[in-house]
Amino acid sequence: MTREFNVAIVGATGLVGETLIQVLEERSFPISELHALASNRSVGKSVQYMGRSLPVKELSSFDFSKVDIGLFSPGAEVSREYAPKAAEAGCIVIDNTSEFRYYDDVPLIVPEVNPHAIVDYKNRGIIANPNCSTIQLVVALKPIHDAVGIERINVATYQSVSGAGREAVQELAEQSITLLSGKGPVEARLVPKQIAFNCVPQIDRFEDNGYTREEMKLVWETRKILGDPAIRITATAVRVPVFYGHSEVVSIETRTKITAAQARALLEKAPGVEVLDERRPGGYPTAATEAANCDTVYVGRIREDLSTDRGLNLWVVADNVRKGAATNSIQIAELLAQQPI
C-alpha cells in the first residue's frame, strides 16, 4: 500500500504556490491531507485541489506537527522564520526561496542531477530548491560534466517576468497595453526599468563585485549541485519581456574535448532533457513555443565554440515556474517519499 503524506503549502496563493498545487494533482503525489497556508492577508481566500475548495489558513498559527512535508514558497524572510519552526515540529521542509541554499548542511537538490544528496535533509530537516535559472543549467550540463568534465561556464540568462512573481507579469501586460495604445510613459515598479519591448540587465540587487545577486546565485549553486567548487563560472542575468520561460546562452570549456555530435548524443539520453537541434529556421526551442507550461529542459543550437579548442555552445530553455520551481520541488518530495521518514 502506498504511503500517503500530510502536506502543507506555504505561500499557497502566490504564483509558485498555485503551481505547486497544480503539479501535486498532475503527478498524483500521495496526499492524505493538504493544507494551504499564507499570511493573514490571504485568510478567507480558497484554493482548488482535486475538485475541492480548500480554505487558506494563517501561517503564523499553524501547527506543523500535523504535516509530514512542507512546501515553502513565501519569500526568504518568511522562510527564515518559519522553516526552522516547521522542521523542529517534525515537518520536512522543501524550501523554494534563497534562504537556505548556501548552508553546507542543507542539501540543494535537482533530482536529475544530485538525488543522492537528499539524505542530508536529516541534518536540519530542510531541503533547498535551487534558483530557477540554475536548475535548467545544471540539468543540461550534468551529462557533459560527467563525461568529460567542465572547467569553465559562461552563461547569459534571458529571464521571463514570472520569475519576479505575479505582479511582474501584470506589470509587463499593463506596460505593453499602454505602449501599444500609443500612451506613455509607463511606470517601472518591480523591474528597475521599463520591461515592455525592452531588456533589463539587472535581476536582484548588485553585489560589491559588480555582479547582481541573481548572477552570483548561478555561480554558487552550480558549484554546489555539481559538487565541483573548481568550476570557473561567470554569468549575466537579463530580464526580458516574456511572460513564462527562461532562456540561456551557455558557453562551456571542457577538460577533455567533446564534439557537438557527442554532446548531442549525451543530451538525447539525459533525464529531463529534450534536444531540438535542427540546423534550419525554427529548428530550436524557445520559451514561448516549447518551454512554457512544460516540465522539460530543452536544448538546442549545439555547436563547437570557434574561439577555443575545447569549447561548446548551447541554448537552453525551460519553464521557470514549473521545472524552475514547483515541479522540481514536487520531484524532491517524490524522492523524499522513497526515504524512510
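Now for a look at the structure at hand.

Rules used in this analysis
Residues numbered from 1 in each chain as written. Predicted model: local features only at pLDDT ≥ 70, side-chain atom pairs only at ≥ 80, totals over all residues. Heavy atoms only, no water. Helix = DSSP H or I, 4+ residues; strand = E, 2+ residues; numbered from the N terminus. Rg over C-alpha atoms; globule rule 2.2 N^0.38 Å. Buried < 20%, exposed > 50% of the residue type's maximum accessible area, 1.4 Å probe, protein only. Contact = heavy atoms within 4.5 Å. Areas by Shrake-Rupley, 256 points an atom, 1.4 Å probe, with all protein chains shown as cover. Pairing = 2+ DSSP bridges. Axes fitted to C-alpha atoms, helices over the stretch in contact; angles between N-to-C directions. Expected span 1.5 Å × (residues − 1). Arc of directions from axis to C-beta. Parallel < 35°, antiparallel > 145°, perpendicular 65-115°, else oblique. Left-handed = near helix turned anticlockwise from the far one by under 90°. Nonpolar A, V, L, I, M, F, W, Y, C, P; charged D, E, K, R; others polar.

**A closer look at the overall build of the protein chain**
Here is step 1: The number of helices and strands found in the protein chain is 8 helices and 13 strands.
Here is step 2: The C-alpha atoms of the protein chain give a radius of gyration of 20 Å, which matches the 20 Å a tight globule of 341 residues would have.
Here is step 3: Its C-alpha atoms give the protein chain principal-axis dimensions of roughly 60 × 55 × 40 Å.
Here is step 4: For the protein chain, buried positions account for 52% of its 341 residues.
Here is step 5: For the protein chain, restricting intrachain contacts to residue pairs at least 6 apart in sequence, the fraction spanning at least 24 positions comes to 67%.
Here is step 6: Total accessible area computed for the protein chain in this model is approximately 15100 Å², and 48% of it derives from carbon and sulfur atoms.

**Here we look at the environment of Asp95**
Here is step 1: Within the secondary structure layout, Asp95 lies in strand β6 (residues 92-95).
Here is step 2: The spacing of Asp95 and Leu71 is 24 residues in sequence and 6.2 Å in space, taken between C-alpha atoms.
Here is step 3: Not counting chain neighbours up to four residues away, the residues in contact with Asp95 comprise Phe72, Ser79, Phe100, Ile127, Ala128 and Asn129.

**Description of the sheet that holds strand β3 (residues 46-49)**
Strand pairing in a sheet relies on backbone hydrogen bonds. The paired strands run either parallel or antiparallel.
Here is step 1: The strand order β3-β4-β2-β1-β5-β6-β7 describes an open sheet built from 7 strands, whose pairing is mixed. Edge positions in the sheet fall to β3 and β7 (126-128), since each has one partner strand and no second. Pairs of neighbouring strands in the sheet enclose a mean axial angle of 25°, with direction left out of account.
Here is step 2: One ladder, built from 4 bridges, connects strand β5 (residues 69-72) with β6; its direction is parallel. When the sheet's bridge partners are listed, Gly70 is paired in β6 with Val93.

**Here's the deal with the pairing of strand β12 (residues 297-304)**
Here is step 1: Where strand β11 (residues 273-275) and β12 come together, 3 bridges link them in parallel fashion. From the neighbouring strand, Val273 faces β12, where its bridge partner is Val297.
Here is step 2: Bridge analysis of β12 against strand β13 (residues 311-318) gives 5 bridges, and the strand direction is antiparallel. Residue pairing for β13: Glu304 is matched across the bridge by Leu312.
Here is step 3: In textbook terms, the turn of a hairpin is the stretch between consecutive antiparallel strands, and for β12 and β13 this stretch comprises 6 residues.

**Brief notes about helix α4 (residues 166-180)**
Here is step 1: Taking 1.5 Å as the rise per residue, α4 with 15 residues should run 21 Å; its terminal C-alpha atoms sit 21 Å apart, in good agreement.
Here is step 2: Turning to α4, its buried residues number three or more, namely Ala168, Val169, Glu171, Leu172, Gln175 and Ser176. What you see down the axis of α4 is that its buried residues fit within an arc of 160°, all on one side. More than 90 degrees from the buried face of α4, the exposed residues found are Glu167 and Ile177.
Here is step 3: Directly after α4, the chain includes Gly182, whose backbone phi takes a positive value near 75°.

**Quick word on the packing of helix α3 (residues 132-148) against helix α5 (residues 213-226)**
Here is step 1: Running from N to C, α3 and α5 cross one another at 40°; their axes reach a closest spacing of 10 Å. Classified by the angle between their axes, α3 and α5 sit oblique to one another. Along this stretch, α3 crosses α5, giving a crossing that reads as right-handed. Contacts between α3 and α5 involve Ser133, Thr134, Leu137, Val138, Lys142 and His145 on the former and, on the latter, Glu214, Lys217, Leu218, Glu221, Thr222, Ile225 and Leu226.
Here is step 2: A class-by-class count of the residues in the contact of α3 with α5 yields 5 nonpolar, 4 polar and 4 charged.

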